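Examination of the molecular architecture
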Amino acid sequence: MSDLLLTMISISSSISNWWNLQNREYLPMGGSVNMIEESLRLAYGEDSEFIKDKRIAAVQTLSGTGACRLFADFQKRFLPDSHIYIPTPTWANHHNIWRDAQVPQRTFAYYHPESRGLDFAGLMNDIKNAPDGSFFLLHACAHNPTGVDPSEEQWREISYQFKVKNHFPFFDMAYQGFASGDPERDAKAIRIFLGNGHQIGCAQSYAKNMGLYGQRAGCLSILCDDEMQAVAVKSQLQQIARPMYSNPPVHGAVIVSTILGDPALKSLWLKEVKVMADRIIGMRNSLKESLEKLGSPLSWEHITNQIGMFCYSGMTPEQVDRLTNEFHIYMTRNGRISMAGVTTGNVTYLANAIHEVTKSN
Ligand SMILES: Cc1ncc(COP(=O)(O)O)c(C=O)c1O
Ligand SMILES: *[C@@H]1O[C@H](CO)[C@@H](O)[C@H](O)[C@H]1NC(C)=O
């Protein structure tokens, strides 16, 4: 109740925000300047020197998908012979996005099925074996679909090897805040790369962490050599956007900049993001404990080791089919559970069903 009051006071006290929410004019081609600024602070850090030095070319995008696609088109236009290295597995749409942008794809090792964790050795090998100056798509946090992220130490090694090979990291950050509950912590991988002097690309989405799925609120940023290059890159990004959709939608952008631009609203948002992430972490613990209580002979450590919205359970397509047909539980056939859909009311039902379909093998 007091939180709601705080929100209302905060909103009504700001006449300009109220006006902004009524305004249905076109945004500039690059999108809302306030929204972009707030997005950069979130991704690169409140006091980032790169923001101060105006080294980042950034445009508001049609959520995370639009950011990825705009980058892919940019890559194709200016480096037509380049490839994109994509992790195995990845969010399926990544393949479609770079395919339609006509950028040829290669894959790099990521998931280790036996340990249901990271194939770090395979990943490092593929980074080393890629031609110098390759483009890599990295999930900044809460890897989809596996929920497997490199540790901080592993990110440091990856960043070091990228430096040696002069690779370009493109971070897709669709879940900032959803992994640890803290957007700052979830930006750690990006910050490590920034600290090592990389130029990077970054796709941000407010679909998950602000629940703005249908508003299509996102940001594409590219860290450049200097301000002049950033101005040129931004102008080229706008050139690509203009014949595609002219300018991005206004309402979601105003919601984002209103929340992030107001300290009271921002701290309320941070609290709510943490509630969401902690609830998912709590459900992971309950699911694992329930399976252990049922006497499952299998290891379910990966349920709590993995992070973010998804649990890559390791169940086979046949086991998933049994869950659907016998228990009316639905998930993708690769065994990916959306932990956001599990509650205290049905976690034991889910555990029972998983135990039933996995115990015989
Ligand atoms: C890894 C990843 N990237 C990007 C997105 C893009 O989502 P949106 O376009 O709704 O921001 C998603 C959504 O599921 C995702 O999982
Ligand atoms: C658990 O309950 C939630 C909320 O009612 C529902 O959305 C979800 O589908 C349920 N999941 C399972 C596995 O029963």
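The rules behind these values
- Residues numbered from 1 in each chain as written.
- Chains lettered and ligands numbered in written order.
- Predicted model: local features only at pLDDT ≥ 70, side-chain atom pairs only at ≥ 80, totals over all residues.
- Heavy atoms only, no water.
- Near = heavy atom within 4 Å.
- Polar contact = N/O pair within 3.5 Å; in protein donor to acceptor, adjacent residues only side chain to side chain.
- Helix = DSSP H or I, 4+ residues; strand = E, 2+ residues; numbered from the N terminus.
- Nonpolar A, V, L, I, M, F, W, Y, C, P; charged D, E, K, R; others polar.
- Pairing = 2+ DSSP bridges.
- Axes fitted to C-alpha atoms, helices over the stretch in contact; angles between N-to-C directions.
- Phe/Tyr/Trp six-rings, centres within 6.5 Å; stacked < 30°, edge-to-face > 60°.
- Buried < 20%, exposed > 50% of the residue type's maximum accessible area, 1.4 Å probe, protein only.
- Lys NZ or Arg CZ within 6 Å of the ring centre and 35° of its normal.

Remarks on the site of ligand 1
Close contacts around ligand 1 come from 14 residues, with Ser63, Thr65, Asn144, Asp172 and Ser205 the closest. With respect to ligand 1, the side chain of Thr65 contributes an N or O atom lying 2.5 Å from an oxygen atom. Within the side chain of Asp172, an N or O atom sits 2.5 Å from a nitrogen atom of ligand 1. Element by element, the count of residues in the shell around ligand 1 is highest for helix 5 (residues 63-78), at three residues. Looking at side-chain class alone, the shell around ligand 1 contains four nonpolar, seven polar and three charged residues.

Some details on the sheet that holds strand 2 (residues 84-88)
As a general point, the strands of a sheet are linked pairwise by backbone hydrogen bonds and lie either parallel or antiparallel. Ordered by their spatial adjacency, seven strands build an open sheet running 1-9-8-7-6-2-3, and the pairing between neighbours is mixed. The open sheet has two edge strands, strand 1 (56-62) and strand 3 (105-109), and neither has a second partner. If you compare each strand with its neighbour and ignore which way they point, the axes differ by 25 degrees on average. In this sheet, strand 6 (residues 135-139) lies alongside strand 2 in parallel orientation, the contact comprising two bridges. Paired with Ile84 across the strands is Phe135, a residue of strand 6.

Quick notes on the packing of aromatic side chains
Considering all chains together, one arrives at 15 aromatic pairs under this definition. Between Phe74 and Phe78 the ring centres are 5.1 Å apart and the planes differ by 50 degrees, which places this aromatic pair in the tilted class. One end of the pair is Phe74 and the other is Phe78, both in helix 5 and four residues apart, which spans about a single turn. For Phe78, a relative accessible area of 41% translates into the label partly exposed. Aromatic pair Trp98 and Phe170: ring centres 5.9 Å apart, planes at 70 degrees, arrangement edge-to-face. Of this pair, Trp98 sits in helix 6 (residues 92-100) while Phe170 sits in strand 7 (residues 168-173); the two residues are 72 residues apart in sequence, bridging distant segments of the chain. Three or more aromatic residues link up through ring pairs in this structure, and these residues are Tyr85, Phe108, Phe136, Trp155, Phe162, Phe171 and Phe193. Here Arg336 stacks its cationic end above the ring of Phe310, 3.8 Å away from the centre of that ring.

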